[in-house]
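# Architecture at a glance
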Amino acid sequence: MGTLSYGMISSLDGFVAGADGDFDWAEPDEETHRFVNERERTVGTYLYGRRMFETMRAWAEDDWLADQPDYVREYADIWRAADKVVFSTTLAVPGIERTRVEPHLDLLAIRTVKESSDTDLSVSGPTLAADLLRAGLVDELAIYVAPAVVGAGTRLLPTGLRLDLSLVEEHRFASGIVFLRYAVRKDL
């Protein structure tokens, strides 16, 4: 069975984007990016809402990657090799290989994919993740806390969510970013 992880870069005050949608404060440095690459190698399927998919689809475009460092191009290869499922009522055709659109969120189907998968799954984007967290499908949180306070914006976690967590991994980077991986305790 694959592990379903909710992974995002967050500000210290718990936002994944500022009030104006900006997240330039979240750009990882080389050390962090290489760490992310190693973690992402185990992901066989990415689950996205439409907005997060629109942000991530840049990794399918070659034109801007040519001038990027090797670790950035390496992430593009990792991302492209994985399957992607986009949950959207407005996106008809994703236009990217290994990507399909599902018009409705079917929690039972996600549970079945997770239970039959021999690779890990990743959900990105706070709206879709909130639904999966509330349904008890998320096994772990993989949060990169950036040394920034943005004051308002899109929250990492939904209001009213209650989770019991166990810290299973932490890593500090020279940039000030801190990686925290928590297992979601489901035995309570």
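Just above, that's the structure.
Summary of the structure given here.

Rules behind the numbers
- Residues numbered from 1 in each chain as written.
- Predicted model: local features only at pLDDT ≥ 70, side-chain atom pairs only at ≥ 80, totals over all residues.
- Heavy atoms only, no water.
- Buried < 20%, exposed > 50% of the residue type's maximum accessible area, 1.4 Å probe, protein only.
- Helix = DSSP H or I, 4+ residues; strand = E, 2+ residues; numbered from the N terminus.
- Pairing = 2+ DSSP bridges.
- Salt bridge = Lys/Arg side-chain N within 4 Å of Asp/Glu carboxyl O.
- Expected span 1.5 Å × (residues − 1).
- Arc of directions from axis to C-beta.
- Contact = heavy atoms within 4.5 Å.
- Polar contact = N/O pair within 3.5 Å; in protein donor to acceptor, adjacent residues only side chain to side chain.
- Axes fitted to C-alpha atoms, helices over the stretch in contact; angles between N-to-C directions.

## A few points about the pairing of strand β5 (residues 99-102)
The alternating pattern of β5 places T99 and V101 on a buried face, while none of R100 and E102, on the opposite face, is buried. In this sheet, β5 lies alongside strand β4 (residues 83-87) in parallel orientation, the contact comprising 4 bridges. The partner of V85 across the bridge, within β5, is R100.

## Quick notes on the pattern of salt bridges
All chains considered together, the criterion is met by 14 salt bridges. Taking the shortest distance from any N to any O, the salt bridge between D62 and R80 comes out at 2.8 Å. Here D62, found in the loop between α2 (50-56) and α3 (70-81), pairs with R80, found in helix α3; they are 18 residues apart in sequence, far enough to count as distant. Connected through shared salt-bridge partners, R39, E140, E169 and R181 make up one network.

## Structural notes on helix α5 (residues 126-134)
Buried within α5 we find P126, L128, A129, A130, L132 and L133. Remark: G136 follows α5 within two positions and exhibits a positive phi of approximately 75 degrees.

## Structural notes on the environment of D70
With respect to the helices and strands, D70 occurs in helix α3. Spatially, the C-alpha atoms of D70 and R34 are 9.7 Å apart, while their sequence positions differ by 36 residues.

## Here's the deal with α3
Compared with an ideal rise of 1.5 Å per residue, which puts 12 residues at 16 Å, α3 spans 17 Å between its outermost C-alpha atoms and is within 8% of the ideal. All of the buried residues in α3 are Y71, V72, Y75, A76, I78 and W79. With its buried residues spanning 165 degrees around the axis, α3 presents them on a single face. The inward-facing, buried residues of α3 abut α1 (30-40), β3 (43-49), α2 and β4.

## Comments concerning the side chain of S88
With respect to the element layout, S88 can be found in the loop between β4 and β5. At 3.1 Å, the side chain of S88 forms a polar contact with the backbone nitrogen of T90. Each residue touching S88, except ones within four places of it in the same chain, is listed here: R50, V101, E102 and P103.

## Description of the sheet that holds strand β6 (residues 120-124)
Spatial strand order, β5-β4-β3-β6-β1-β7-β10-β9: 8 strands in an open sheet with mixed pairing. Both outer strands of the open sheet, β5 and β9 (165-172), are each paired with one neighbouring strand and no more. Within the sheet, the average angular offset between the axes of one strand and its neighbour, ignoring direction, is 20 degrees. When β9 meets strand β10 (residues 178-184), the two strands line up antiparallel, connected through 7 bridges. Residue pairing across strands places E169 opposite R181, the latter belonging to β10. Across the face of the sheet, α3 comes into contact with β3 and β4 while running at roughly 85 degrees to β3.

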